[in-house]
Amino acid sequence: MIFLKNIEKITVTDISSIATIVFPKGVVTNISNRESFGLSLCLEGQLTYSHNGRDVVSDKNRIVFLPKGESYSIRGEKAGMFPLINFFCDEDFCDTVVSIPIKNAQPYLADFEKIKALSLFEKNRLKIMSVFYGMLQRISSETTRSYGVLAPAIKLIEEECFERELTIATLAEKCNMSEVYFRRLFLSRMGVSPKQYLIDVRIEKAKQLLADGVLKVNAIAEECGFSCPMSFHRAFKAITGQTP
């Protein structure tokens, strides 16, 4: 979910293919080393993506971004049809499967059909890019709005993720709601649990510190709010597939 902060800054270099995937119920498909990024919609049905120990749902109420170069599995929960846009951009803006809650899928499905029709002719490349950037802009705006009553908790997580004492109870209190309701609403709106979101933010910060090359791994674990280096190693490998 972290990559959405910079979604408006990415440069899409190419839309490699578009297709509507028909997925039966009960079927499991494994994807290895995905060649491009993907934006997946849902006409009907439901899928579950499993990546690095996390399950992400795809249905009519969510858009899913698929990471380039990653391997994951897809399970058909309900038979359906899933429009898919494969694309390349100038930076790795997501490294995991990300589910984005949306209020209305119809504008996105209409844009998909526009891109599909325009792709019949090579001269329409700029028009295709314009429609696709419009989709990204709508996703960015809709995601910001969808935070709603969760905004205080999300802000606290992103500003104080390094604090070990940051608990779900504290986050729920910040949003003036019970812990049970907060957990349920957060999962529904954000596509992940508040605990997983906190871990994701911490791992993003850890990646930056590792890339800087100044601090040692144990120091980074402490800096990012992990209780011990071992828990940091486990979380990092679960999310990235690699050790720190």
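Residues numbered from 1 in each chain as written. Predicted model: local features only at pLDDT ≥ 70, side-chain atom pairs only at ≥ 80, totals over all residues. Heavy atoms only, no water.

Participant: Got a minute to help me understand the nonpolar core in this structure?
Facilitator: Soluble, globular proteins show a tendency: their nonpolar side chains are buried together. Leu39, Phe65, Phe87 and Phe132 are the most contacted members of the largest nonpolar core, which totals 30 residues. Of all the elements in the fold, those that place two or more residues in this core are strand E1 (12-23), strand E3 (37-40), strand E6 (62-66), strand E7 (72-89), strand E8 (98-101), helix H1 (106-118) and helix H2 (125-147). For this core, the element with the most residues is H2, which contributes seven residues. In this view, Phe87 contacts Val12, Asp14, Ile15, Ser16, Ser36, Phe37, Gly38, Leu39, Phe65, Phe93 and Phe132; residues no more than four positions away in its chain are not counted. (Core = buried A, V, L, I, M, F, W, Y, C linked by side-chain atoms within 4.5 Å. Buried < 20%, exposed > 50% of the residue type's maximum accessible area, 1.4 Å probe, protein only. Helix = DSSP H or I, 4+ residues; strand = E, 2+ residues; numbered from the N terminus. Contact = heavy atoms within 4.5 Å.)

Participant: Please clarify how the environment of Arg54 should be interpreted in this entry.
Facilitator: Structurally, Arg54 is set in strand E5 (residues 54-58). Given a relative accessible area of 10%, Arg54 falls into the buried group. As for Arg54 and Thr96, which are separated by 42 residues in sequence, their C-alpha atoms are 9.3 Å apart. Apart from residues no more than four positions distant in its own chain, Arg54 is found in contact with Tyr49, Thr96, Val97, Val192, Gln196 and Asp200.

Participant: Please explain helix H5 (residues 179-190) as it appears in this structure.
Facilitator: With 12 residues, H5 should reach 16 Å at 1.5 Å per residue; the first-to-last C-alpha distance of 16 Å fits that figure. What H5 keeps buried is the set Phe182, Leu185, Phe186 and Met190. With its buried residues spanning 105° around the axis, H5 presents them on a single face. Of the exposed residues in H5, those oriented more than 90 degrees away from the buried face are Val180 and Arg184. Following H5 by one or two positions, Gly191 adopts a phi angle in the positive range, close to 85°. (Expected span 1.5 Å × (residues − 1). Arc of directions from axis to C-beta.)

Participant: When you look at H1 in this model, what are you seeing that I'm missing?
Facilitator: Between its terminal C-alpha atoms H1 stretches 18 Å, which fits the 18 Å expected from 13 residues at 1.5 Å a residue. Regarding H1, the residues found buried are Tyr108, Leu109, Asp111, Phe112, Ile115 and Leu118.

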